[in-house]
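Okay, here's what each chain looks like letter by letter:
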Amino acid sequence: MALESRITQEEIKKEPEKPIDREKTCPLLLRVFTTNSGRHHRGDEFARGNVPSSELQIYTWMDATLKELTSLVKEVYPEARKKGTHFSFAIVYPDPRVKMYKLKEIGSTLSGRKGPDDVLTLQSQRFQIGDYLDIAITPPNRAPPLGPRMRPF
């Protein structure tokens, strides 16, 4: 007789994340790639050991929130400090089945405003050490590009 787990995906998501003691836990190196065009890099730009030139290296922990990462990026890019600047986050990870890198959008933040994605952490979005983070920055005077599910009609 086989036993089956009855834990649903919703129950897994409801489990609280284990707090990370930043005094005792060594930070990880997060390789962040940014664009000022409002669009993410393409997966093929990470192929064969190549990476885009706009790299930031951030030492952080798995419990870092998107808002925390936004503030670190704003320290480096003064033009991104303007109120209304849109930051769109995506995890770039290798897909061993097709031997390519894929992007998974995980959330967005808006400079100067609170939003629902501000509290999302790398850990909650299943970021794994070795993945990259891609941030598409859109200045406040330009609307963010329409996503595949957002149509103007």
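Structure: see above.
Cut-off values and rules
- Residues numbered from 1 in each chain as written.
- Predicted model: local features only at pLDDT ≥ 70, side-chain atom pairs only at ≥ 80, totals over all residues.
- Heavy atoms only, no water.
- Helix = DSSP H or I, 4+ residues; strand = E, 2+ residues; numbered from the N terminus.
- Buried < 20%, exposed > 50% of the residue type's maximum accessible area, 1.4 Å probe, protein only.
- Contact = heavy atoms within 4.5 Å.
- Areas by Shrake-Rupley, 256 points an atom, 1.4 Å probe, with all protein chains shown as cover.
- Salt bridge = Lys/Arg side-chain N within 4 Å of Asp/Glu carboxyl O.
- Arc of directions from axis to C-beta.
- Pairing = 2+ DSSP bridges.
- Phe/Tyr/Trp six-rings, centres within 6.5 Å; stacked < 30°, edge-to-face > 60°.
- Polar contact = N/O pair within 3.5 Å; in protein donor to acceptor, adjacent residues only side chain to side chain.

### A word on the overall build of the protein chain
Phase 1 of the analysis: A count of helices and strands for the protein chain gives two helices and five strands.
Phase 2 of the analysis: Of the regular secondary structure in the protein chain, the N- to C-terminal order runs α-β-β-α-β-β-β.
Phase 3 of the analysis: Looking at the protein chain as a whole, 35% of its 153 residues qualify as buried.
Phase 4 of the analysis: Pairs at least 24 residues apart make up 68% of the contacts formed inside the protein chain by residues separated by at least 6 positions.
Phase 5 of the analysis: Accessible surface computed for the protein chain: about 10,700 Å², of which carbon and sulfur atoms make up 53%.

### Focus on the pattern of salt bridges
Two side chains of opposite charge can pair, provided their charged atoms sit close to one another.
Phase 1 of the analysis: A full pass over the atoms with the stated rule returns eight salt bridges.
Phase 2 of the analysis: A salt bridge links Glu68 to Arg22, with the nearest nitrogen and oxygen atoms 3.0 Å apart. Within this pair, whereas Glu68 is found in helix α2 (residues 66–76), its partner Arg22 is found in the loop between α1 (9–14) and β1 (28–35), the two being separated by 46 residues in sequence.
Phase 3 of the analysis: Among the salt bridges present, the one from Arg97 reaches Asp95, with a minimum N-O distance of 3.3 Å.

### A word on α2
Structurally, the α-helix is built with 3.6 residues per turn, so residues lying three or four positions apart point the same way.
Phase 1 of the analysis: Of the residues making up α2, those classed as buried are Leu66, Leu69, Thr70, Val73 and Lys74. In a view along the axis of α2, the buried residues occupy a sector of 140°, so they form one face of it.

### Focus on the environment of Arg39
Phase 1 of the analysis: Secondary-structure assignment places Arg39 in the loop between β1 and β2 (55–60).
Phase 2 of the analysis: Taking relative accessible area as the criterion, Arg39 reaches 55% and is therefore assigned exposed.
Phase 3 of the analysis: Distance from Arg39 to Ile137, taken between C-alpha atoms, is 7.6 Å for residues 98 residues apart in sequence.

### As for the pairing of β2
Phase 1 of the analysis: Alternating positions in β2 separate cleanly, Leu56, Ile58 and Thr60 being buried on one face and Glu55, Gln57 and Tyr59 remaining unburied on the opposite face.
Phase 2 of the analysis: Pairing of β1 with β2, which is carried by six bridges, proceeds in the antiparallel orientation. Of the residues in β2, the one forming a bridge with Phe33 is Glu55.

### Comments concerning unusual backbone geometry
Phase 1 of the analysis: Despite not being glycine, Lys99 shows a phi value in the positive range, around 55°.
Phase 2 of the analysis: Relative to the helices and strands, Lys99 is located in the loop between β3 (86–95) and β4 (100–110).
Phase 3 of the analysis: Although it is not a glycine, Arg126 adopts a positive phi angle of roughly 65°.
Phase 4 of the analysis: Here Arg126 shows up in the loop between β4 and β5 (132–138).
Phase 5 of the analysis: By relative accessible area, which is 56% here, Arg126 ends up exposed.

### Quick word on the packing of aromatic side chains
Phase 1 of the analysis: For the coordinates displayed, the defined rule picks out five aromatic pairs.
Phase 2 of the analysis: Judged by centre distance (5.8 Å) and plane angle (15°), the ring pair of Tyr101 and Tyr132 falls under stacked. Taken as a pair, Tyr101 in strand β4 and Tyr132 in strand β5 lie far apart in primary sequence, 31 residues in all.
Phase 3 of the analysis: The class of Tyr132 is buried, set by a relative accessible area of 11%.
Phase 4 of the analysis: Site record: aromatic cluster; members linked through ring pairs are Phe33, Phe46, Tyr101 and Tyr132.

### Some thoughts on the side chain of His41
Phase 1 of the analysis: By the element assignment, His41 lies in the loop between β1 and β2.
Phase 2 of the analysis: Judged by its relative accessible area of 9%, His41 falls in the buried class.
Phase 3 of the analysis: Of note is the side chain of His41, whose polar atom sits 2.5 Å from the side chain of Asp134.
Phase 4 of the analysis: Beyond its immediate stretch of four places on either side in the chain, His41 contacts Phe33, Thr34, Thr35, Phe46, Pro52, Ser54, Leu103 and Asp134.

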